[in-house]
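Coordinates in review
Here is how the chains run, residue by residue.
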Amino acid sequence: MAILISGKEVSAKVRADVRKECEELKAKGIAPGLAVIIVGDDPASRVYVNNKKKACADVGFVSEEYALPAETTQEELLSLIDTLNKKDEIHGILCQLPLPKHLDEKAVINAISPLKDVDAFHPSNVGRIMIGDYHFLPCTPAGVMELIHYAGIDVSGKSCVVIGRSNIVGKPMAMLLLHENGTVTICHSRTKNLKEICAAADILVAAVGRPKFVTVDMVKDGAVVLDVGINRDENGKLCGDVDFDSVEPKASYITPVPGGVGPMTIAMLMKNTLMAAKLQNGLS
Ligand code: L34
């Protein structure tokens, strides 16, 4: 029986810390502000953006939502980002991904001022993470690390396997584990012997985006299993990348979906926005 690492619980603690610091900033006349841009009407993105707005209200941030129609042009989107880059009351800018196909995600990410880039997706922030000299960490991998710390798990010297190599999760996740002296392997769609590599992991992070992809035969006895996936199963029910029911008895620690990494992504966004407000006011 694994110990469940609750993202609900840990995210509430992170948010409580942010709330307290936000009050202190407000006493100095600084009200942290986050702008969230959502283009089109993807229902999952809508849920995540709503959760972000609620979190802002919960910690005391000002939040602005820019809900743009699916037909928005690249020029219109870049022009909005330019306005927000120059707006003093806005410290963090986030453009919810994925964008409709006709829009150029890379150009949009590049347009956000690195100082307001609370996703840490801008190449300059990505580079800073690579060399370990950063202000912002990408929210999802940072949230996974927070869960690992909260559970009291020491990464140093452990065999860590990340399944998935996206710029948003897999690659930075591997880097953060490496920073804590893990011995890190990244697996992906071309990996040979995926099962054997995963089954040797002390710490296994699943970020593939395929429902119940990680089965019990891929997990070592007593492994720590962190599930980044948010999928729908054959019955339309929310599920992770890990086949929770079969893996849970074999793992030492495991995160649930929902209520695991998802709420942490949002809590870390609050932390980054607070940091952005401090940075832009010469306080950090
Ligand atoms: N720019 N785009 C940008 N930044 C991000 O950090 C994200 N991400 C991912 C998708 N696109 C993004 C998110 O916000 C994924 N993500 C995200 C955020 C919140 C939740 C899940 C993913 C979340 O709230 N999950 C809940 C359940 C939500 C539900 O009911 O569907 C959970 O308990 O896991």
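What counts as what
Residues numbered from 1 in each chain as written. Predicted model: local features only at pLDDT ≥ 70, side-chain atom pairs only at ≥ 80, totals over all residues. Heavy atoms only, no water. Near = heavy atom within 4 Å. Polar contact = N/O pair within 3.5 Å; in protein donor to acceptor, adjacent residues only side chain to side chain. Areas by Shrake-Rupley, 256 points an atom, 1.4 Å probe, with all protein chains shown as cover. Helix = DSSP H or I, 4+ residues; strand = E, 2+ residues; numbered from the N terminus. Nonpolar A, V, L, I, M, F, W, Y, C, P; charged D, E, K, R; others polar. Pairing = 2+ DSSP bridges. Axes fitted to C-alpha atoms, helices over the stretch in contact; angles between N-to-C directions. Contact = heavy atoms within 4.5 Å. Buried < 20%, exposed > 50% of the residue type's maximum accessible area, 1.4 Å probe, protein only. Right-handed = clockwise from strand over helix to strand, strands pointing away. Lys, Arg positive; Asp, Glu negative; His and termini not counted. Salt bridge = Lys/Arg side-chain N within 4 Å of Asp/Glu carboxyl O.

Some remarks on the site of the ligand
Residues in contact with the ligand amount to 17 residues; listed here are only the nearest, Lys52, Cys95, Leu97, Asp119 and Gly259. For the ligand, an oxygen atom lies 2.9 Å from a polar atom in the side chain of Asn51. Within the contact set of the ligand, a nitrogen atom lies 3.1 Å away from a side-chain nitrogen or oxygen of Gln96. The protein chains hide 82% of the 680 Å² of surface that the ligand would expose on its own. Elements with a minimum of two residues in the shell around the ligand: helix H2 (43-59) and helix H10 (261-279). Here the residues of the shell around the ligand sort into 10 nonpolar, five polar and two charged.

Comments concerning the sheet that holds strand E4 (residues 92-95)
Pairing within the open sheet is parallel, and its three strands lie in the order E3-E2-E4. On the outer flanks of this sheet lie strand E3 (62-68) and E4, each paired with one strand and no other. Averaged over neighbouring strand pairs, the angle between their axes works out to 15° when direction is ignored. As defined by bridge partners, strand E2 (residues 33-39) adjoins E3 across seven bridges and the pair is classed as parallel. Each residue of the ladder has a partner; that of Ile38, found in E3, is Ala67. The sheet contacts of helix H3 (residues 74-86) involve E2, E3 and E4, and relative to E2 the element is tilted by about 180°.

A few points about the pairing of E2
With seven of seven residues buried, E2 lies mostly within the body of the structure. In this fold, the crossover linking E2 to E3 by way of H2 has right-handed handedness. Where E2 and E4 come together, four bridges link them in parallel fashion. Note that in E4 the partner of Ile37 across the bridge is Cys95.

Considering unusual backbone geometry
The bulk of non-glycine residues show a negative phi, and the bulk of peptide bonds are trans. Looking along the chain, the bond that leaves Leu97 and enters Pro98 is cis, with omega of 0°. Secondary-structure assignment places Pro98 in the loop between E4 and helix H4 (105-111). The step from Val257 to Pro258 runs through a cis peptide bond, and the omega angle for that step is 0°. Tracing the chain through its elements places Pro258 in the loop between strand E11 (253-254) and H10. Of note in the backbone geometry, Asn181 takes a positive phi value of approximately 70° without being a glycine. For Asn181, the location among the structural elements is in the loop between helix H7 (170-179) and strand E6 (183-187). Backbone geometry at Asn193 places phi at a positive 60°, although glycine is not the residue there. Assignment of secondary structure puts Asn193 in the loop between E6 and helix H8 (194-199).

Quick word on the side chain of Glu248
As for its position among the elements, Glu248 is in the loop between helix H9 (244-247) and E11. For the buried Glu248, no salt bridge exists, and the shortest N-O distance to an oppositely charged side chain is 13 Å, to Lys250. Not counting residues up to four positions away in its chain, the partners in contact with Glu248 are Met1, Ala2 and Ile254.

Topic: the sheet that holds strand E7 (residues 203-206)
Within the open sheet, the six strands sit side by side as E1-E11-E8-E7-E5-E6. Their pairing is parallel. Whereas interior strands pair on both sides, the edge strands pair on one side only; in this sheet they are strand E1 (3-4) and E6. Across five bridges, the pairing between strand E5 (residues 159-163) and E6 is parallel. Looking at the pairing, Cys160 lines up with Val184 of E6. Against the sheet, H7 engages E5, E6 and E7, with an angle of about 170° to E5.

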